[in-house]
Amino acid sequence: MPSIVFGTFAVIAVIVAVVLFLVLRRKPHTRVGAYVSAMFVLLGAGLLAMGSISFASMESAALRIFTPEERAVAVPCNAAVLGIEETSNKFNGRYIWLLRLRVTPQGGSPYEIERTARLSSSMGEHLERGNVVLSCLVDPTDHTRIEISALA
């Protein structure tokens, strides 16, 4: 969702920059101002677009919350926390943490994945201590999609 918002603001900023440039360049005394203001607006649009890409990559690696239909067919599993790292990114007052997990589906072989999750600082500190195994659900067709209800 944040990537859509940042992308929309970036498109609006580009439109404003073009209109501002076209209006101000016709007046001789504002020609330099037109170039400078258009440059700053385009720079801002680029920064918004980069923020959009950053949030999109975080969202694609985030832990999922399954729908009731997905939960009905999901396979129970255990997720052992191998490592956890607090990022500098914050969303709705909670930091985004990068988790390295060893997922062991019921009746399957274990595998490792990295996911991001929004955690409170106390939950992050609890997981940092190590030796934590959380119950989870895994999509039977896509093992990269997991849900850990304790972290939701």
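Description of the structure in this document.

**Observations regarding the pairing of strand β2 (residues 94-105)**
Working step 1: The pairing of strand β1 (residues 75-91) with β2 spans eleven bridges and is classified as antiparallel. Within β2, the position partnered with asparagine 78 by the bridge is threonine 104.
Working step 2: As paired strands, β2 and strand β3 (residues 111-119) are joined by nine bridges and run antiparallel to one another. Of the residues in β3, the one forming a bridge with leucine 99 is arginine 115.
Working step 3: Where β2 hands over to β3, the hairpin turn is made up of five residues, of which glycine 107 adopts a positive phi near 75 degrees.

**A short note on the pattern of salt bridges**
Working step 1: Applying the stated criterion to the full structure yields four salt bridges.
Working step 2: With a shortest N-O distance of 3.2 Å, arginine 102 and glutamate 112 are connected by a salt bridge. Of this pair, arginine 102 sits in strand β2 while glutamate 112 is found in strand β3, placing the two residues ten residues apart along the sequence.
Working step 3: Shared partners join several salt bridges into a network, and the residues in it are Glu70, Asp139 and Arg145.

**Description of the sheet that holds strand β5 (residues 146-147)**
Working step 1: Across the sheet, five strands lie side by side as β3-β2-β1-β4-β5; this open sheet has antiparallel pairing. The outermost strands of the open sheet, each flanked by one partner alone, are β3 and β5.

**Considering the pairing of strand β4 (residues 133-138)**
Working step 1: Where β1 and β4 come together, six bridges link them in antiparallel fashion. Bridge pairing links valine 75 to valine 138 in β4.
Working step 2: Summarising the sheet, β4 and β5 pair through two bridges and their orientation is antiparallel. The residue of β5 that forms the bridge with valine 138 is isoleucine 146.

**Let's talk about the environment of glycine 107**
Working step 1: Here glycine 107 lies in the loop between β2 and β3.
Working step 2: Its relative accessible area of 90% is what places glycine 107 among the exposed residues.
Working step 3: Residues glycine 107 and cysteine 77, 30 residues apart in the sequence, show an inter-C-alpha distance of 9.0 Å.

**Details of a nonpolar patch on the surface**
Working step 1: Taken together, the side chains of Val11, Ile15 and Val19 define a hydrophobic patch exposed on the protein surface, amounting to about 270 Å² of accessible area.
Working step 2: Locating isoleucine 15 in the fold gives a position in helix α1 (residues 2-24).

**Some thoughts on the side chain of glutamate 147**
Working step 1: Topologically, glutamate 147 is positioned in strand β5.
Working step 2: Classification of glutamate 147 as buried rests on a relative accessible area of 6%.
Working step 3: One polar contact links glutamate 147 to arginine 71, side chain to side chain, over a distance of 2.8 Å.

**A word on the state of the cysteines**
Working step 1: All chains considered together, the criterion is met by one disulfide.
Working step 2: What pairs with cysteine 77 in a disulfide is cysteine 136, and their sulfur atoms sit 2.0 Å apart. Negative torsions about the S-S bond denote left-handed disulfides, and the value of about -140 degrees found for cysteine 77 with cysteine 136 makes this one left-handed. Note that cysteine 77 is positioned in strand β1 and cysteine 136 in strand β4, a separation of 59 residues in sequence.
Working step 3: Under the relative-accessibility criterion, cysteine 77 is labelled buried at 5%.
Working step 4: Judged by its relative accessible area of 6%, cysteine 136 falls in the buried class.

Definitions and limits used
- Residues numbered from 1 in each chain as written.
- Predicted model: local features only at pLDDT ≥ 70, side-chain atom pairs only at ≥ 80, totals over all residues.
- Heavy atoms only, no water.
- Pairing = 2+ DSSP bridges.
- Helix = DSSP H or I, 4+ residues; strand = E, 2+ residues; numbered from the N terminus.
- Salt bridge = Lys/Arg side-chain N within 4 Å of Asp/Glu carboxyl O.
- Buried < 20%, exposed > 50% of the residue type's maximum accessible area, 1.4 Å probe, protein only.
- Patch = residues over 30% accessible without salt bridge, like charges linked within 9 Å, V, L, I, M, F, W, Y side chains within 5 Å.
- Areas by Shrake-Rupley, 256 points an atom, 1.4 Å probe, with all protein chains shown as cover.
- Polar contact = N/O pair within 3.5 Å; in protein donor to acceptor, adjacent residues only side chain to side chain.
- Disulfide = S-S within 2.5 Å.

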